[in-house]
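Summary of the model geometry
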Amino acid sequence: MKLVSKRLLPLCLAGAMVLGMTACGNSDSGSESPAGNSGTPAATGENTPSGGAEGASYTFGYNNFGQGAYPLDLNESTTEYALECMGMEMTVVNNQFTVDNLMTGAQNQIAQGVDGMIFWSAADTLFQPFSELCESTQTPFALGDKYPQSDETKAMLRANPYFAGAISTDDISTGSDMAQMALDAGHRTAVIIAAAVGDINHDLRIQGFTETFEAGGGEVLAVAHCADPSEAVQKSNDMLTAYPDVDCMYGSGGDYSQGLLSALESAGLAGEMTIYGTDIDPNVIQAVRDGTIAAANGAAGPYCAGIAGALLVNYLDGHPILDENGEAPMSNGIMTVTITAENVDDYEEYWVNNQIFSPEDYQNLLYRYNPEVTWQDYVDMIEGYTFDNMLAQRQAG
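Computed from a prediction, not measured in an experiment: that's the story for all the values here.

**Some details on the overall build of the chain**
Secondary structure summary: the chain contains 16 helices and 12 strands in total. Expressed as a percentage of its 397 residues, the buried residues of the chain come to 57%. Approximately 15400 Å² of the chain is accessible, and the part contributed by carbon and sulfur atoms is 47%.

**Regarding the pattern of salt bridges**
Inspection of the entire model under this criterion finds 10 salt bridges. Where R158 meets D323, a salt bridge forms, and the shortest distance between an N and an O atom there is 3.4 Å. Residue R158 is located in helix α6 (residues 151-158), and its partner D323 is located in the loop between α12 (301-316) and β11 (330-334); the two are separated by 165 residues in the primary sequence. The exposure class assigned to D323 is buried, which follows from its relative accessible area of 4%. In this structure, E348 engages R289 in a salt bridge whose closest nitrogen and oxygen atoms are separated by 2.8 Å. Here R289 lies in helix α11 (residues 282-290) and E348 lies in helix α13 (residues 344-352), a separation of 59 residues in the sequence. For E348, a relative accessible area of 27% corresponds to the partly exposed category. Note on R289: relative accessible area 30%, which makes it partly exposed. When salt bridges with common partners are traced through the structure, they connect R158, D323 and E327 into a single cluster.

**Comments concerning the nonpolar core**
Among the nonpolar cores identified, the biggest contains 107 residues, and Y347, W351, Y362 and Y385 are the most heavily contacted of them. With 11 residues, the single largest contributor to this core is α12. Setting aside anything within four residues of it in sequence, one finds Y362 in contact with Y81, A82, C85, M86, Y303, G306, I307, F357 and M381. Judged by nonpolar contacts, the second largest core, of 15 residues, contains A179, L183, I206 and A295.

**Remarks on the packing of helix α7 (residues 171-184) against helix α8 (residues 200-215)**
Between α7 and α8, the shortest axis-to-axis distance is 6 Å and the interhelical angle comes to 35°. Seen from above, α7 lies across α8 with right-handed handedness. Contacts between α7 and α8 pair D171, I172, T174, G175, S176, M178, A179, Q180, A182 and L183 from the former with N201, L204, R205, Q207, G208, F209, T212 and F213 from the latter.

**Some remarks on the packing of aromatic side chains**
The tally for this structure, following the rule as stated, stands at 16 aromatic pairs. Residues F65 and F97 carry aromatic rings whose centres are separated by 5.8 Å and whose planes lie at 80° to one another, so their mutual orientation is edge-to-face. Taken together, the residues span a long stretch of sequence, with F65 in the loop between β1 (59-64) and α3 (70-85) and F97 in the loop between β2 (89-94) and α4 (100-111) at a distance of 32 residues. For F65, a relative accessible area of 10% puts it in the buried group. Taking the relative accessible area as the measure of exposure, F97 reaches 26% and is therefore partly exposed.

**As for the confidence of the model for the chain**
Residues with a pLDDT of 70 or more make up 87% of the chain, whose mean pLDDT is 87. Across residues 1-52 the pLDDT falls below 50, and counting only partners more than four positions away or on other chains, this stretch makes 102 contacts in the model.

**Details of the sheet that holds strand β8 (residues 248-251)**
If you walk across this open sheet you meet the six strands as β7-β6-β8-β9-β10-β12, and the pairing is mixed. What marks the edges here is a single partner per strand, and that holds for β7 (219-226) and β12 (337-339). Strand-to-strand, the axes of this sheet are offset by a mean angle of 15°, without reference to chain direction. Sheet topology places strand β6 (residues 189-195) next to β7; seven bridges connect them, and they run parallel. Across the sheet, T189 pairs through a bridge with E219, a residue of β7. The sheet strands contacting helix α9 (residues 232-242) are β6, β7 and β8, and the helix crosses β7 at an angle near 150°.

**Thoughts on the side chain of N75**
If you trace the backbone, N75 turns up in helix α3. If we ignore the near neighbours within four places in the chain, the residues touching N75 are Y62, W120, D145, G301 and P302.

**What to know about the sheet that holds β11**
Reading across the sheet, the six strands line up as β2-β1-β3-β4-β5-β11 and stay open at both edges, with parallel pairing between neighbours. Where the open sheet ends on each side, the last strands, each with one partner, are β2 and β11. The mean inter-strand angle of the sheet, taken between neighbouring strand axes irrespective of direction, is 20°. In this sheet, strand β5 (residues 163-169) lies alongside strand β4 (residues 141-145) in parallel orientation, the contact comprising five bridges. Within β5, the position partnered with D145 by the bridge is S168. Relative to the sheet, α3 contacts β1, β2, β3 (116-119) and β4, its axis offset from that of β1 by approximately 170°.

**Observations concerning helix α10 (residues 254-266)**
It helps to recall that an α-helix has 3.6 residues per turn; residues three or four apart then point in one direction. Taking 1.5 Å per residue as the helical rise, α10 with its 13 residues ought to reach 18 Å, and the 18 Å between its terminal C-alpha atoms agrees with that figure. In terms of burial, α10 is largely enclosed, as 10 of its 13 residues are buried. In the segment just after α10, G268 is the residue with positive phi, at about 70°.

**Side note on the packing of α12 against helix α15 (residues 375-383)**
For the pair α12 and α15, interaxial distance at closest approach is 12 Å and the crossing angle is 170°. With respect to α15, the axis of α12 lies roughly antiparallel. Between α12, through I307, A310, L311 and N314, and α15, the contact on the second element is made entirely by W375, Y378 and M381. Considered class by class, the residues forming the contact of α12 with α15 number six nonpolar, one polar and no charged.

Quick notes on the rules
Residues numbered from 1 in each chain as written. Predicted model: local features only at pLDDT ≥ 70, side-chain atom pairs only at ≥ 80, totals over all residues. Heavy atoms only, no water. Helix = DSSP H or I, 4+ residues; strand = E, 2+ residues; numbered from the N terminus. Buried < 20%, exposed > 50% of the residue type's maximum accessible area, 1.4 Å probe, protein only. Areas by Shrake-Rupley, 256 points an atom, 1.4 Å probe, with all protein chains shown as cover. Salt bridge = Lys/Arg side-chain N within 4 Å of Asp/Glu carboxyl O. Core = buried A, V, L, I, M, F, W, Y, C linked by side-chain atoms within 4.5 Å. Contact = heavy atoms within 4.5 Å. Axes fitted to C-alpha atoms, helices over the stretch in contact; angles between N-to-C directions. Left-handed = near helix turned anticlockwise from the far one by under 90°. Phe/Tyr/Trp six-rings, centres within 6.5 Å; stacked < 30°, edge-to-face > 60°. pLDDT = per-residue confidence, 0-100. Pairing = 2+ DSSP bridges. Expected span 1.5 Å × (residues − 1). Parallel < 35°, antiparallel > 145°, perpendicular 65-115°, else oblique. Nonpolar A, V, L, I, M, F, W, Y, C, P; charged D, E, K, R; others polar.

Structure (structure tokens):
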């Protein structure tokens, strides 16, 4: 059910933005499904401020770039949980690891009559055509996980009256953190296995790893890109053949860390050559636990689209969240957490077997539950997302 017609929405928002400025404007191989993270949202009613939960239940379109890849499936399931906590639903399209399918899938979802779109863009060049699609069809949208790289692209998005905001991770820091761990362990040569060139997250992770590693006296000998996760093992084998004496290896995604591990196991070298990785799945968790992967970071991307979804709900409710400049907010400040053998059990218990954010955490981002909500509440949630902070919150109940 829609609260207002999409064609009337800009007029409604214009009045709402003036009246609401104080409230809102000041301020494995990938085959395993993420069966965890199945926390049930609290029933609305008892814990809801008077009148706070009143409003429509919206259906949002969401795209999974490639179902079957654990990190992408985890993003999907965690987003679905977040939206359920807010009383929303979502429909999903599978892009099958094909960039051309992103726009086709979005067009189909919009044609089916979704209330808004939460878009995951595999390439920076898609932001403009997607924005134009949403403006021409009067479809509100937000961006989750993938973040525009240029000031021009950000300005273009903010000029679109249907843009609610963007939430993403700091992927340069993601790669940099792994490089620093490798340097601290004494490694001075590395190879990288990654997704296809043009994948924003992976390109930035590679950049962050390379810059930090080489600034610290190391050398990245080569980067191998995979068209999709199925190429990870072969590309990893090729790297081992070409660079048998390399000190360490970095997989810029969970499937690529797994490819490295499989190649090392086949060569009888598992545990003898150090792997660092980004994205955490059950196989990576076990490999960290048994020492065949030294460390892995991740667990940030799954929350981006859910938080972006909260921006979209507020927009549709007529209470758009605005940043300190009075514009649609954009943040790539969600930081990854790093797991090692020392904290892997806590990670598995609180991040995998349970949801690290509660229903109330998401509901607090919505005007319908929290009429005092501002962009600062989002900033606080993003900046408060650290391993130690979230662990302490969940252990405290």
